[in-house]
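Observations on the three-dimensional arrangement
Listed below are the residues making up each chain.
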Amino acid sequence: MVEFDYKELVKATGSFSPSRLLGKGSHGSVYKGTLEENKLVAIKKSSVGSDHVSIDNSKKLENEICVLSSLGESPYVINFLGTTRDDDHYSTCKEKNRLLVMEYMPYGSLHDLLHVDATPPSWPKRVEIAIQIARAIQFLHEGKPLVIHRDIKSANVLFDLNWKAKLADFGLAVLRVDSSSSPDQETQPAGTIGYLDPCYTTPSKLSTKNDVFSYGVVLLEIVSCQKAIDVSRLPASIVDWAVPLIEKQRLMEVCDSRIALPTFMEGTIKHLLYVASRCVSCKEENRPSISEIVTQSHTQTQEAYWISGNVRANKEEISSSIPCTTMYSYFFSFEVSECPMSMAGRQTKATYKEIVTAKHVT
Ligand SMILES: Nc1ncnc2c1ncn2[C@@H]1O[C@H](COP(=O)(O)OP(=O)(O)OP(=O)(O)O)[C@@H](O)[C@H]1O
């Protein structure tokens, strides 16, 4: 972790100029900063308000710094770059709180992609995003210490330069030694309405299943392009609207109708909707763990064909001749490191024939 000089960050943001403001959240404002050699970063500063509000906001930012600095690197979690140094200069300047410096995410949030942008994402892109978020949560839930994010929502999924989805905003995140350690009784339930697990009513109900519930809401949002809460819809909650339709097998009514669902994606989307309905189950014990969700997709992938990130298959050929599960695996398997086939590391496009043959190579 780098310790930045406060003055350097003031300069990088043009003294926190409004023209550099990327957005405001509940506890801070995020600015675009330009460091030496034109390196772009995002800098979060806690919001000031009345004394009470300021203290609360700076606590959330300190918590975010603490959680992010305890995490290792993951391709699915926003990259933490550092914070301001707690030295003489810092303590004598007006800014009492530390600043958080992180990777700049130029393509906005999943919330905006789904609900603001005019062009809806393609179906394969939606599946890719769903898996990237699941892997981010798996990284948190399986880490040591374990992290419960508590604010999984489409606004907290941001896109990097390569349009990879990454989880951000750790202001409410909680660190636990492991899954068996008892929750801190001081940590009151918190989250965002529409995504918040209805079972999480007291500090003792804190668990990884709270994040799984919110992930289920995000999955429904990704497939339907409907907001988590929409008062113009009846029912207003996406869970109350979508789950009965899924239970009655009326899946197409849940899917975003602005963009046709290709036949080869039907199986995958159906699977995502079933996963979503399990995640938002009102009984915690019926919800899958995040590793079960990731492993399921992993198993399906291994059963079918693995294609490395460097290999781009001829999509037209594949879509016309390979069954659903294979397409499923195709969109799920973009990481070279996880590719068990001889094709890993290839730099050229693979033909349909090569992919089919690769199935038999382990
Ligand atoms: N690393 C980043 N790069 C680019 N934009 C960012 C980055 N981090 C946050 N933002 C943007 O800054 C704004 C504020 O983000 P922040 O994480 O503080 O709050 P939020 O998630 O919008 O709201 P809340 O804190 O209420 O959940 C959002 O619009 C977000 O998209």
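The structure displayed is predicted, hence computed values, not measured ones.

**Topic: the pairing of strand β3 (residues 28-34)**
Every regular strand shows the same layout, with side chains that alternate between the two sheet faces. Pairing between strand β2 (residues 21-24) and β3: 3 bridges, direction antiparallel. Within β3, the position partnered with Gly-23 by the bridge is Val-30. Where β2 hands over to β3, the hairpin turn is made up of 3 residues, counted between the paired strands. Of the strand pairs in this sheet, β3 and strand β4 (residues 40-46) are connected by 7 bridges, and their pairing is antiparallel. Across the sheet, residue Ser-29 finds its bridge partner in β4, namely Lys-45.

**Some words on helix α5 (residues 123-141)**
Compared with an ideal rise of 1.5 Å per residue, which puts 19 residues at 27 Å, α5 spans 27 Å between its outermost C-alpha atoms and is within 8% of the ideal. A large share of α5 lies buried, amounting to 15 of its 19 residues.

**Overview of the UniProt feature "binding site: ATP" (unreviewed entry) in the protein chain**
With numbering aligned to this structure, UniProt lists the feature "binding site: ATP" (unreviewed entry) at Lys-45. Tracing the sequence through the fold places Lys-45 in strand β4. Residues in contact with Lys-45, not counting those within four places in the same chain, are Phe-16, Gly-28, Ser-29, Tyr-31 and Leu-99.

The rules behind the values
- Residues numbered from 1 in each chain as written.
- Predicted model: local features only at pLDDT ≥ 70, side-chain atom pairs only at ≥ 80, totals over all residues.
- Pairing = 2+ DSSP bridges.
- Helix = DSSP H or I, 4+ residues; strand = E, 2+ residues; numbered from the N terminus.
- Expected span 1.5 Å × (residues − 1).
- Buried ≥ 20, exposed ≤ 12 C-beta atoms within 10 Å, placed from the backbone.
- UniProt positions renumbered as here; feature names shortened; annotations may be inferred.
- Contact = placed C-beta atoms within 7 Å.

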